[in-house]
Amino acid sequence: MGGLPEGWVWARLGDVAQWGSGGTPKAKAPDYYGGTIPWAVIGDMDDGVLRETAQTITDAGLAASAAKWIPEGAILIAMYGSIGKLAIAGIPITSNQAIAHAVPFCEMLDAKYLFWYLRSQRERLISSGKGGTQQNISQSVLKQWPIPLPPLAEQHRIVEALEEQISRLDAAAGGVGAALRRSEALKKVLDNRAVADHEGDAGEASQPLTVDEVRSSTKKLSGRKWKPTDPIGIPGFAAAGRWPTVSLGDISRNRGYGTSVKCSYEGSGPPVLRIPNIQSGSIDPQDMKFAEESIDLSDYFLRPGDVLFVRTNGSPSLIGRVGVVDESADVAFASYLIRFRLNLSVVDPRWVRLVTQSSIWRRHIETVAASSAGQFNLNASRLAEIPIPLPSLSEQRVIVEQADTRATEAQRMGGALRRCELRGRQLRAKLLRRAFNGYLVPQDPSDEPAATLLARVAAERDTAKRTARPRKVTTAAAVTKAAPAPTPVPSASVQQELFVQ
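Residues numbered from 1 in each chain as written. Predicted model: local features only at pLDDT ≥ 70, side-chain atom pairs only at ≥ 80, totals over all residues. Heavy atoms only, no water.

### Some words on the overall build of the chain
Inference 1: The number of helices and strands found in the chain is 12 helices and 24 strands.
Inference 2: The C-alpha atoms of the chain give 32 Å as radius of gyration, which overshoots the globular expectation for 501 residues (23 Å, by more than 25%).
Inference 3: Each of the three principal axes of the chain carries a C-alpha extent, and together these read 105 × 50 × 50 Å.
Inference 4: Evaluated residue by residue, the chain yields a buried proportion of 46% over its 501 residues. (Helix = DSSP H or I, 4+ residues; strand = E, 2+ residues; numbered from the N terminus. Rg over C-alpha atoms; globule rule 2.2 N^0.38 Å. Buried < 20%, exposed > 50% of the residue type's maximum accessible area, 1.4 Å probe, protein only.)

Have a look at this one:
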């Protein structure tokens, strides 16, 4: 522990607050749940004021468990899993055993000072976690955790200055986040319009092929076994205007699933693309696995212009994710992917990517993906039926290049905004460090030093213990668990907008 400003002293969290934790009523006792008593779990906590919980318990559930009332104003901290996650009890509340609570001794510790100090210690607390799958800390760790303790009046000044600065950072972060969302939303709107809003004047664009001409061209390249596929209707897309609507199958020479051979990082055969290699509409050659050298995978090798779709994933948002092959190489693809080999004389593969990744088509793909054992699945036949509006090849390329320009601009703006977000987090961390090192506000020599305060409070408590007379509990009502009174809040503390709903 480093040096502290004059008037400050190191203490332990167990010396400056009353600590406790909750409990869980028996899950198979329905009469223990659904009552009027708010019962918090870690999922209810969001580093702000907690005024409502997703679950409630009954008086019977409270009496039959280790759950206990926590007064309004107490600080809640997660001990399991999301170590260090915080909340301030905005109402009298109870909790499960994964949450510890601290009721600060208000004559020596400002509750908001404790809240922000614990927030500054989150990474260190996480590093102190023990256990296998789920890391955790205990109340013993928390009670022994050191805290730099300024004079009480200085704590109030620190909280006031800290929350003023943090409210500004929050406002700036909110503006950055809103700008990022607007940028992403605008790109989606423009991309959707590019692929679906085709009623306007063709201008100098060349005349698109008819459906019959497209199918004839694909059949000529594919052979006699090839058959056309009628496009289905999907919500939000109207097949009208000067662009004909074909199916993905109509513009594909063939389609099929990848290899199911076992691959490894140590294999000496050809590389095999997997789901992680499909990134941002392209092929990412990093993190490649390889088949054994003796296996012939030439039927699965990819060519420029091939389009790969993710067909299996646990997340519906990743189903149908597309990667366009740009280069020719002896690279195969795995069975979790579907390849469509396009008729490049009628369609640009980037156009297929633009269409199938726009909002209307994404909603359709996520809707038709079948779920089984927690996995979502697409098949090649379903994808082949997807409607594709088909301008002329030259017009496709113009639209795609415009979309690529928008994507580049959105990425540039997104990068700048994310750097702003990072800078905001760095400033917040720096602000917290300054606050608890004694550099945020000036010290006041007239403040009662923390060491003197602690000694005085300890003496007063010792005197109170010696003069107090023990009382016998004579009635059942005297031991009933009742909602406690709110934790007193020092008059000099400030309630900043961060804690106002």
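### Here we look at the confidence of the model for the chain
Inference 1: Of all residues in the chain, 90% attain a pLDDT of 70 or more, and the chain-wide mean is 87.
Inference 2: Averaged pLDDT values over the elements of the chain bottom out at 75 in strand 22 (residues 370-372) and peak at 98 in strand 6 (residues 75-78).
Inference 3: Confidence over residues 473-480 falls short of pLDDT 50; this stretch has two contacts with residues more than four positions distant or in other chains.
Inference 4: This stretch, residues 489-501, has a pLDDT under 50; its non-local contacts, to residues over four places away or in other chains, come to 30 contacts. (pLDDT = per-residue confidence, 0-100. Contact = heavy atoms within 4.5 Å.)

### Comments concerning the packing of helix 8 (residues 349-356) against helix 11 (residues 393-437)
Inference 1: One way to put it is that helix 8 packs onto helix 11 with a least axis distance of 9 Å and a crossing angle of 60°. Taken together, the axes of helix 8 and helix 11 lie oblique to each other. For the crossing formed where helix 8 meets helix 11, the hand is left-handed. In this structure, helix 8 contributes Arg350, Trp351, Arg353 and Leu354 to the contact, and helix 11 contributes Gln396, Arg397, Ile399, Val400, Glu401, Ala403 and Asp404.
Inference 2: Across the contact of helix 8 with helix 11, the residue classes tally to five nonpolar, one polar and five charged. (Axes fitted to C-alpha atoms, helices over the stretch in contact; angles between N-to-C directions. Parallel < 35°, antiparallel > 145°, perpendicular 65-115°, else oblique. Left-handed = near helix turned anticlockwise from the far one by under 90°. Nonpolar A, V, L, I, M, F, W, Y, C, P; charged D, E, K, R; others polar.)

### Observations concerning the packing of aromatic side chains
Inference 1: For the structure on display, the rule yields eight aromatic pairs.
Inference 2: Measuring from centroid to centroid gives 5.1 Å for Tyr113 and Phe436, while their planes differ by 75°, and the two rings are edge-to-face. With Tyr113 in helix 3 (residues 111-120) and Phe436 in helix 11, this pair connects stretches of sequence that are 323 residues apart.
Inference 3: The exposure class of Phe436 is buried, given its relative accessible area of 6%.
Inference 4: Following the ring pairs from residue to residue traces out a cluster consisting of Tyr113, Tyr117 and Phe436. (Phe/Tyr/Trp six-rings, centres within 6.5 Å; stacked < 30°, edge-to-face > 60°.)

### With respect to helix 3
Inference 1: In terms of residue burial, helix 3 counts as a mostly covered element, since eight of its 10 residues are buried.
Inference 2: Of all the positions in helix 3, only Ala111, Lys112, Tyr113, Leu114, Phe115, Trp116, Tyr117 and Leu118 are classed as buried.

### Quick look at the sheet that holds strand 13 (residues 271-273)
Inference 1: The strand order 16-13-20 describes an open sheet built from three strands, whose pairing is mixed. Each edge of the open sheet is held by one strand with a lone partner, namely strand 16 (289-290) and strand 20 (332-333).
Inference 2: Of the strand pairs in this sheet, strand 13 and strand 20 are connected by two bridges, and their pairing is parallel. Note that in strand 20 the partner of Leu273 across the bridge is Phe333. (Pairing = 2+ DSSP bridges.)

### Notes on the environment of Ile319
Inference 1: Checked against the element boundaries, Ile319 lands in the loop between strand 18 (312-313) and strand 19 (322-324).
Inference 2: When neighbours within four sequence positions are excluded, Ile319 is seen to be in contact with Val310, Arg311, Thr312, Asn313, Arg362, Ile365, Ala369, Phe376, Asn377 and Leu378.

### A closer look at the packing of helix 3 against helix 11
Inference 1: Put simply, helix 3 and helix 11 touch, their axes get as near as 10 Å, and they point 125° apart. Comparing the axis directions of helix 3 and helix 11 gives the class oblique. For helix 3 against helix 11, the interelement crossing comes out left-handed. The segment helix 3 lies against helix 11, with Tyr113, Trp116, Tyr117, Arg119 and Ser120 engaging Arg428, Leu432 and Phe436.
Inference 2: Taken together, the residues of the contact of helix 3 with helix 11 break down into five nonpolar, one polar and two charged.

### Describing the sheet that holds strand 15 (residues 281-283)
In sheet architecture, strand pairing relies on hydrogen bonds along the backbone and comes in two forms, parallel and antiparallel.
Inference 1: Taken in spatial order, the six strands of this open sheet run 12-21-17-19-15-14, and their pairing is mixed. Where the open sheet ends on each side, the last strands, each with one partner, are strand 12 (252-257) and strand 14 (278-279).
Inference 2: Across two bridges, strand 15 lies against strand 19 in parallel orientation. When the bridges of strand 19 are listed, Gly281 appears paired with Gly323.
Inference 3: The strands touched by helix 8 within the sheet are strand 15, strand 17 (307-310), strand 19 and strand 21 (337-342), with strand 19 carrying the most contacts at an inclination of about 165°.

### Thoughts on a positive patch on the surface
Inference 1: On the surface, a cluster of positive charge is made up of Arg423, Lys430, Arg433 and Arg434.
Inference 2: With respect to the element layout, Arg434 can be found in helix 11. (Patch = residues over 30% accessible without salt bridge, like charges linked within 9 Å, V, L, I, M, F, W, Y side chains within 5 Å. Areas by Shrake-Rupley, 256 points an atom, 1.4 Å probe, with all protein chains shown as cover. Salt bridge = Lys/Arg side-chain N within 4 Å of Asp/Glu carboxyl O. Lys, Arg positive; Asp, Glu negative; His and termini not counted. Charge placed at Lys NZ, Arg CZ, Asp CG, Glu CD.)

### A look at unusual backbone geometry
Inference 1: Positive phi outside glycine occurs at Asp47, with the angle close to 65°.
Inference 2: Assignment of secondary structure puts Asp47 in the loop between strand 3 (33-40) and strand 4 (49-50).
Inference 3: Residue Asp47 is classed as partly exposed on the basis of its relative accessible area, which comes to 23%.
Inference 4: Despite not being glycine, Ser280 shows a phi value in the positive range, around 55°.
Inference 5: Tracing the backbone shows Ser280 in the loop between strand 14 and strand 15.

### Details of helix 11
Inference 1: If you check helix 11, its first and last C-alpha atoms are 65 Å apart, about what 45 residues at 1.5 Å a residue would give, namely 66 Å.
Inference 2: Of the residues trailing helix 11, Gly438 is marked for its positive phi of about 90°. (Expected span 1.5 Å × (residues − 1).)

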